[in-house]
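Below are the chains, spelled out letter by letter.
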Amino acid sequence: MNTVYKRVESEAKFQLNAPDEQLPHLLAFLKERHLTVGEVTNRTQVDHYFDTADFDLYRAGWSYRFRDAPDHHRSVDLKSLSSVRAKGRKKQPSALHHRQEVEIAVEAFPSSIPTIADAPLLEDLEGLVPNQTAPLNELFRVRTLRSIYKVASKKAVFTVCLDDTTVEMNGGEAADEHQQHFYELEIELEGGKKKRLSRLAEQIGEELRLVPTEMSKFERGLHAAGLHPTESPAKPQSNDESGDEGVSGSPIHRFALGCLERHFSEMVANEAVALEGCDPEGVHQMRVASRRLSTALDVFRKCLPAKKVKSLDKEIHWVTRSLGKVRDLDVFCEAIQSDSDEDAPLAKFREHVASTRRVAQEELAATLGSERYLAFKQNFGDFLNALSEGDVDPESSHDTLEMARTVVPHAVTKVRHDGAKISKSSLDEDLHRLRLDAKHLRYRLELFAPVVPGGLEEPLKACRKLQKFLGEHQDACMANQRIHCFRKSHTMDDCERQHLKKLKARFCHQKRAQRKAWPEIWNAFVSKTRPKALRRQFAGAMSACPVAPSRLGGAAPPPPPGGQAQNRGTLQSTLQRHQQRIPGDRQISDGFLGVGCQLV
């Protein structure tokens with residue numbers, strides 16, 4: 001029988017943005033602290049991650065991998081997804097992770113793993129994985145070039161690793177659009193008390209101004225591969241009103257609650273990716289979710305507790321501003337990327353932008369790790385719980401379609417009124433304000449589209465096109481402003497100045513082209529968004545629909561069996577799980593370390 005090793009792994013993990021600069025700084029800092037730093041050892045390892053089609057292992061609380069390190073050893077590993085965070089966390093997310101791990105040394109990995117029962121897993125999983133005969137599939141591969149340093153003090157021994165990691169899909173083809181590359185610093189405790197690791201991690205984080213890594217390599221792989229095992233399959237809708245038992249309030253209250261829950265969950269679900277900043281899409285999706293959440297609060301303001309809505313909306317705008325700083329720089333970084341050697345003189349400018357982006361990311365990490373943000377999440381969860389129990393305006397009698405018939409045409413009218421004033425001489429600020437109006441209209445259309453039979457596809461398509469057009473115009477304006485500020489504050493030689501001038505000319509040309517195309521874009525929007533036609537569409541839907549509007553199109557799904565109390569419990573557990581930054585439904589056996597280690 002193969003040897004089985006079980007332990008609790010204690011490590012601190014940080015994200016590295018500039019490893020060539022940060023690693024020498026780290027080594028120098030460790031020596032200044034009178035720690036002994038051994039010679040570097042390099043090795044390459046490839047982790048193959050497996051699970052069933054229904055993610056049974058993930059839902060049981062484990063990741064399952066085969067580690068292939070030819071110059072080191074091969075092993076099959078089970079690693080718990082839950083992490084016991086350090087107590088007393090204040091303003092910053094903790095870099096510390098304590099995870100249960102099982103390692104089985106093997107000479108070679110089986111050529112095929114047909115089922116869980118045939119795989120080298122522990123008997124402990126028999127009560128956690130429902131289908132022992134489910135086939136296993138390879139999800140993705142994580143290839144890591146690891147530089148290892150042995151670091152020792154008088155009272156503790158650490159392994160410090162710099163990981164150059166790439167997540168690979170489809171056999172590791174570099175052209176795969178989901179491939180993700182990142183650098184991590186791992187500090188693992190090999191001997192000594194855990195408080196020694198905590199103290200060293202805190203000192204390193206402060207000295208190098210590093211962002212703690214909240215996601216494991218497995219979780220990063222899931223994100224890069226576009227896999228979402230925490231999402232539940234959509235349940236079929238029914239016209240039976242019995243599904244509303246246990247739901248307080250009128251249809252509009254149920255609809256509002258469903259919208260607020262959905263956008264809040266989306267916002268929190270993207271928090272870990274946004275926090276680390278390794279994938280710009282995380283910041284983008286969290287920002288969009290926060291804006292939609294703010295829109296929902298504004299739309300349903302009249303039927304919600306006014307003081308609570310005002311307080312929560314203020315906090316949402318605070319988070320959105322911090323996300324916006326990073327997102328704007330992500331867009332600009334993408335716009336100025338170039339593989340051409342001719343743009344080498346712009347290297348100083350690109351590094352300036354990258355440095356500004358890193359500062360914005362640090363500020364975002366501080367925001368998402370602050371007590372204020374954690375309090376906001378708790379308060380919003382309490383707010384949703386109160387809504388489910390009937391904490392609404394008793395005088396509000398609007399149903400969903402009646403509210404939509406008022407809210408949507410009003411937003412359309414505002415955009416049409418402001419857009420009609422745009423001319424060749426309009427200021428950039430005028431188009432920017434119109435962009436914000438178009439964005440607010442889009443979110444309102446998306447909010448009510450599920451309750452309108454046939455949807456709102458035509459006006460939504462026109463609104464998205466208008467918003468994208470105005471967004472590209474605003475991006476060009478902001479690019480010119482950033483270039484102008486750089487030229488004023490930095491010394492450059494003639495070559496650098498000329499290349500920066502060409503870059504600015506490119507964005508100026510983009511602005512002129514968009515201004516020229518404005519009449520065509522605007523006329524297309526006007527033809528697809530007529531307020532009277534929208535009112536007639538909503539009125540027709542109201543007269544033709546005998547069902548509670550909140551139940552149409554899956555806008556607010558019915559509560560699960562057991563009534564609203566169970567639904568609220570699920571929401572609360574989800575909120576608590578994200579507050580601890582432990583994504584997914586994970587349950588780990590409390591008695592794991594005391595259980596025998598026989599192989600299946």
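Structure: above.
What comes next is a walk through the structure. Here the structure is a predicted model, which means the values were calculated and not measured.

Cut-offs and rules
Residues numbered from 1 in each chain as written. Predicted model: local features only at pLDDT ≥ 70, side-chain atom pairs only at ≥ 80, totals over all residues. Heavy atoms only, no water. Axes fitted to C-alpha atoms, helices over the stretch in contact; angles between N-to-C directions. Helix = DSSP H or I, 4+ residues; strand = E, 2+ residues; numbered from the N terminus. Parallel < 35°, antiparallel > 145°, perpendicular 65-115°, else oblique. Left-handed = near helix turned anticlockwise from the far one by under 90°. Contact = heavy atoms within 4.5 Å. Nonpolar A, V, L, I, M, F, W, Y, C, P; charged D, E, K, R; others polar. Polar contact = N/O pair within 3.5 Å; in protein donor to acceptor, adjacent residues only side chain to side chain. Core = buried A, V, L, I, M, F, W, Y, C linked by side-chain atoms within 4.5 Å. Buried < 20%, exposed > 50% of the residue type's maximum accessible area, 1.4 Å probe, protein only.

A short note on the packing of helix 12 (residues 428–448) against helix 14 (residues 494–528)
At a minimum axis separation of 14 Å, helix 12 and helix 14 run at an interaxial angle of 40°. Here helix 12 is positioned oblique relative to helix 14, judged by the angle of their axes. For the crossing formed where helix 12 meets helix 14, the hand is left-handed. Side by side, helix 12 and helix 14 meet where Asp428, Leu431, Leu434 and Leu441 of the first sit next to Lys511, Arg515, Trp518 and Phe525 of the second. Its residues assigned to classes, the contact of helix 12 with helix 14 shows five nonpolar, no polar and three charged.

Here's the deal with the side chain of His98
Residue placement: His98 occurs in strand 6 (residues 96–106). A polar side-chain atom of His98 sits 3.0 Å from a polar atom in the side chain of Ser10.

Remarks on the packing of helix 7 (residues 280–299) against helix 8 (residues 306–335)
Between helix 7 and helix 8, the least distance of the axes is 9 Å, while the angle of their chain directions is 150°. Here helix 7 is positioned roughly antiparallel relative to helix 8, judged by the angle of their axes. Crossing of helix 7 against helix 8: the hand is left-handed.

Section: the nonpolar core
In terms of nonpolar packing, the biggest core is built from 85 residues, with Leu260, Phe300, Phe380, Phe383 and Phe448 touching the most fellow members. Counting residues per element, this core draws most heavily on helix 13 (residues 457–489), at 10 residues. Dropping the residues within four chain positions of it, Phe300 is found in contact with Ile252, Phe255, Ala256, Cys259, Met403, Leu447 and Phe448. If you look at the next biggest cluster of nonpolar residues, it comprises 26 residues, including Leu16, Leu23, Leu162 and Leu197.

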